[in-house]
Amino acid sequence: YQIEPGPAVQTGQIFFLGNFRTRERFMRRQVDLAPNEPFALQEVIDAQRNLRDLNIFDSVQVFPVGLKEKEPVVDLLVKAVEKPPYYFELGGGYKADTGIFGRTKIGDRNFMGTGKDVSLSGEMSEVGYRWDTGISEPRFLGQPIKARAGVYIERSEPFNQDFGTDTEGGNLNFSHDWKANNTI
């Protein structure tokens, strides 16, 4: 093989399409590409993966405009399809230790267009209740680490007991997806 270097290619402007709720400034931070820097296809692929990993888009495609035509400056068109931001969950059932129970959760997976997940949930049963609220950050300190902080209040009075327990507290969780099926 004989390899001959071609002309230098620079990254041009970055345009976003389909981000109706998500802030462009937030998306630019996730893409982490800047105009007038050397163009690297691997960085474009990494930027597309960063946006997909946020779990606020149904699909993300990055089109390098001018690459096929061998232009010296390649603009990027980022086309995203947002997921519906609001969600509602409802469930219930029976467990031997709590009896009949019901639970619900409402939330916004793209709070104020910043990719943060804000939620409020509650569970009631024959032996007590629990209310939670929390917020998740998809990329803690710019790293692929998900952080979640929350507070809760709980009342429990198990069957065949004359007293109950009231609990209030908070939590802080960090997680990182290593592979598709492994999480710590």
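Residues numbered from 1 in each chain as written. Predicted model: local features only at pLDDT ≥ 70, side-chain atom pairs only at ≥ 80, totals over all residues. Heavy atoms only, no water.

(A) Highlighting unusual backbone geometry. You will see that Asp32, though not glycine, has its phi angle at about 55 degrees, which is positive. Mapped onto the elements of the fold, Asp32 is located in the loop between helix 1 (24-31) and helix 2 (41-52). Of the residues examined, Asp32 reaches a relative accessible area of 62% and is grouped as exposed. At Asn160, a position not held by glycine, the phi torsion is positive, near 60 degrees. Position of Asn160 relative to the elements: it lies in the loop between strand 8 (146-156) and strand 9 (165-175). Overall, the relative accessible area of 84% leaves Asn160 in the exposed class. (Helix = DSSP H or I, 4+ residues; strand = E, 2+ residues; numbered from the N terminus. Buried < 20%, exposed > 50% of the residue type's maximum accessible area, 1.4 Å probe, protein only.)

(B) Structural view of the packing of helix 1 against helix 2. One can describe the packing of helix 1 onto helix 2 by two numbers: an axis separation of 8 Å at closest approach and a directional angle of 130 degrees. By the criterion of interaxial angle, the relationship of helix 1 to helix 2 is oblique. Facing Met27, Gln30 and Val31 of helix 1, the residues of helix 2 in contact are Ala47, Asn50 and Leu51. Considering only residue class, the contact of helix 1 with helix 2 consists of four nonpolar, two polar and no charged. (Axes fitted to C-alpha atoms, helices over the stretch in contact; angles between N-to-C directions. Parallel < 35°, antiparallel > 145°, perpendicular 65-115°, else oblique. Contact = heavy atoms within 4.5 Å. Nonpolar A, V, L, I, M, F, W, Y, C, P; charged D, E, K, R; others polar.)

(C) Structural view of the environment of Gly115. Residue placement: Gly115 occurs in the loop between strand 5 (99-111) and strand 6 (116-125). For the pair Gly115 and Glu69, spaced 46 residues apart in sequence, the C-alpha to C-alpha distance is 35 Å.

(D) Inspection of the pairing of strand 4 (residues 86-95) at higher detail. When you tally the buried positions in strand 4, you get one out of ten residues, a small fraction of the element. As paired elements, strand 4 and strand 5 share ten bridges and run antiparallel to each other. Considered in strand 5, the bridge of Gly91 is made with Arg103. Hairpin connection, strand 4 to strand 5: the antiparallel pair is bridged by three residues. (Pairing = 2+ DSSP bridges.)

(E) Spatial organisation of the pattern of salt bridges. Taken as a whole and assessed by the stated rule, the structure comprises nine salt bridges. Here Arg28 makes a salt bridge to Glu24, at a shortest N to O gap of 2.8 Å. Pair noted here: Arg28 and Glu24 are both in helix 1, with a separation of four residues, about one helical turn. Glu24 gets classed as partly exposed once you look at its relative accessible area, which sits at 37%. For Glu154, the salt bridge goes to Arg130, with nearest N and O atoms at 3.6 Å. Of this pair, Glu154 sits in strand 8 while Arg130 sits in strand 7 (residues 128-137), placing them 24 residues apart in sequence. For Glu154, a relative accessible area of 26% puts it in the partly exposed group. One continuous salt-bridge network, built from bridges that share partners, spans Arg130, Asp132 and Glu154. (Salt bridge = Lys/Arg side-chain N within 4 Å of Asp/Glu carboxyl O.)

(F) Here's a closer look at the pairing of strand 3 (residues 73-82). Only one face of strand 3 is covered, namely the one carrying Val74, Leu76, Val78, Ala80 and Glu82; the face carrying Val73, Asp75, Leu77, Lys79 and Val81 has none of its residues buried. Pairing of strand 1 (residues 10-17) with strand 3 involves six bridges; the strand directions are parallel. If you follow Phe15 over to strand 3, its bridge partner there is Leu77. In this sheet, strand 3 lies alongside strand 2 (residues 57-65) in antiparallel orientation, the contact comprising eight bridges. The partner of Gln61 across the bridge, within strand 3, is Lys79.

(G) The arrangement of the sheet that holds strand 2 in detail. Strand order in the open sheet formed by three strands is 1-3-2, and the pairing between neighbours is mixed. The sheet is open, and its two edges are formed by strand 1 and strand 2, each paired on a single side. The average angle at which neighbouring strand axes cross in this sheet is 20 degrees, direction not considered. Of the strands in this sheet, strand 1, strand 2 and strand 3 are in contact with helix 1, which crosses strand 1 at around 140 degrees. Packed onto the sheet, helix 2 meets strand 2 and strand 3 and runs at close to 160 degrees relative to strand 2.

Keep in mind that these numbers describe shape and distance, not what the molecule does.
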